[in-house]
Amino acid sequence: MADPLLIRWSNQEDLLEWEPRRDTTAGFLRVSAGSRILAHSRGRQETVVWTDIGMNALTFTGPPYTFGLNTIASNVSIVGPNAAVEARNQIYWMDLNAFRFYNGSVNSLPCTVQSYVFDDFNWFQRQKVCSGHNSRFNEVWWWYPSASSIENNRYVAYNYVDDYWIIGEMSRTAWLDSSFSGYPIAWGVEGTLSRYRLFQHEIGVNRVLRNFAGALQAAPLSSYIEGADLTLLEGDQFAFISRIAPDFTKTGTSANGPVVFEIKQRNFPQNSLTTGFSGALVSTSNPKELFVRVRTRQFALRVSSNTVDMGWRLGTTRFDIRDDGRKL
């Protein structure tokens, strides 16, 4: 029976030679703590190895032992074998109840959506968690199964330059960054038939799929961005919103596709968000302002589009807001 804590390597001159001898560099080491190895990731100067109770670094030491194994941290783990990703000489991974990174020492990664992820997570399918690095946008991603799904159906991503988190729904089980083809490539499920497909990301403004006849067919790439709730001061004051000054740029060839701005509102934290205003901007040739009448305690902005041959980039949207009294 194989030892689940054993690390072995072959001879540098022969990948088929695994027997440790004086005339070879083949060898082995055994991790001292834990019951089994869960995952590994290549770092800048070492290979990081996770067990169920700790984290170790495998480093090159040269002859006669070739490699050395050192304990980095205890009481940390990882959700699955593909839940770690290297980016900018740092290793990011999804732990059992937190996100962490390693840059010579283990650090917890403050996460504003941590409860959203781990409170709705299928722990029986955690081995399927997949991670990836989108270097073009300075992001590390994790795809994971929600509590009601047996396959990856959601994502959580972290921008390590601007320090923000994003969440959404997407099914991916493998990811290859843009260094191979110029654009990221991913494997996952798409469409009403739930077929597995190979995707090229970050290119074009449409969903391009093959129909039953084998021909390429363009469909709208439904896109949106929705912010977190905003309040005046501590939320004691109601806010009255009278105008929106949108700021966006169209990147596709469609001149008539609308970009829809919505204000979602709620008066108490336990209420559901409802749409208080929805307006579509059709053209950017003549800058516009949207006149609205929304009175609420908490509000969130959602910008979306669903038109063939149209893309957009959001700038800094401004609101005309004033306080409108206090009310429990």
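The structure under discussion appears in the preceding block.
Residues numbered from 1 in each chain as written. Predicted model: local features only at pLDDT ≥ 70, side-chain atom pairs only at ≥ 80, totals over all residues. Heavy atoms only, no water.

1. Description of the packing of aromatic side chains
Counted only if it meets this: Between 30 and 60 degrees the pair is tilted, below 30 it is stacked and above 60 it is edge-to-face, where a pair is any two Phe, Tyr or Trp rings, Trp via its six-membered ring, whose centres lie within 6.5 Å. Burial classes follow relative accessibility: with a 1.4 Å probe on protein chains only, a residue under 20% of its type's maximum area counts as buried, one over 50% as exposed, and anything between as partly exposed. Our definition puts a charge over a ring when NZ of Lys or CZ of Arg is within 6 Å of the ring centre and also within 35 degrees of the ring normal.
What the rule picks out here adds up to 21 aromatic pairs. Between the aromatic rings of Phe60 and Phe67, the centroid separation amounts to 5.8 Å while the plane-to-plane angle is 80°, which identifies the pairing as edge-to-face. Looking at Phe67, the relative accessible area reads 25%, which means it is partly exposed. Among the aromatic side chains, those forming a connected cluster through ring pairs are Tyr92, Phe99, Phe101, Phe118, Phe121, Trp123, Trp142, Tyr144, Tyr158, Tyr160 and Trp165. The ring of Phe238 carries Arg295 above its face, with NZ or CZ at 4.3 Å from the centroid. In this structure, Arg297 is placed above the aromatic ring of Phe268, and the distance from its NZ or CZ to the ring centre is 5.3 Å.

2. Notes on the environment of Met170
Which entries qualify depends on this criterion: Helix and strand labels come from DSSP, where a helix needs a run of H or I of at least four residues and a strand needs a run of E of at least two; each type is numbered from the N terminus. Two residues qualify as a contact provided that any one of their heavy atoms is within 4.5 Å of a heavy atom in the partner residue.
By the element assignment, Met170 lies in the loop between β14 (164-169) and β15 (174-176). What makes Met170 partly exposed here is its relative accessible area of 21%. Taking the C-alpha atoms as reference points, Met170 and Val189, separated by 19 residues in sequence, lie 8.4 Å from one another. Setting aside its immediate chain neighbours within four residues, Met170 contacts Trp141, Trp143, Asn152, Asn153, Arg154, Tyr155 and His201.

3. Observations concerning the nonpolar core
Quick reminder of the rule: Throughout, nonpolar core names a set of buried Ala, Val, Leu, Ile, Met, Phe, Trp, Tyr and Cys residues whose side chains join them through atoms within 4.5 Å.
One finds Tyr92, Met94, Phe99 and Trp142 to be the most contacted residues of the largest nonpolar core, which totals 34 residues. Mapped onto this core, the elements with two or more residues apiece are β3 (37-42), β4 (47-51), β7 (84-87), β8 (90-94), β9 (99-102), α1 (114-118), β12 (139-144) and β13 (154-159). The dominant element in this core, judged by the number of residues it contributes, is β8, at 4 residues. Setting aside anything within four residues of it in sequence, one finds Met94 in contact with Ile78, Val79, Ala83, Phe99, Val117, Phe118, Phe121, Val129, Trp142 and Val156. Residues Phe261, Ile263, Phe277 and Leu281 belong to the second largest nonpolar core, which totals 16 residues.

4. Things to note about unusual backbone geometry
Look at the link from Pro63 to Pro64: it is a cis peptide, with omega at 10°. Within the fold, Pro64 resides in the loop between β5 (54-62) and β6 (66-74). Despite not being glycine, Asp163 shows a phi value in the positive range, around 60°. Mapped onto the secondary structure, Asp163 falls in the loop between β13 and β14.

5. What to know about the sheet that holds β4
We count it as follows: The pairing criterion is simple: DSSP has to find at least two bridges between the two strands. Only the stretch in contact is used when a helix axis is fitted, and all axes are lines through C-alpha atoms; the angle between N-to-C directions ranges over 0 to 180 degrees.
Spatial ordering of the open sheet is given by β3-β4-β5-β6, a layout of 4 strands whose pairing is antiparallel. With one partner strand each, in any of the chains shown, β3 and β6 form the two edges of the open sheet. The average angle at which neighbouring strand axes cross in this sheet is 25°, direction not considered.

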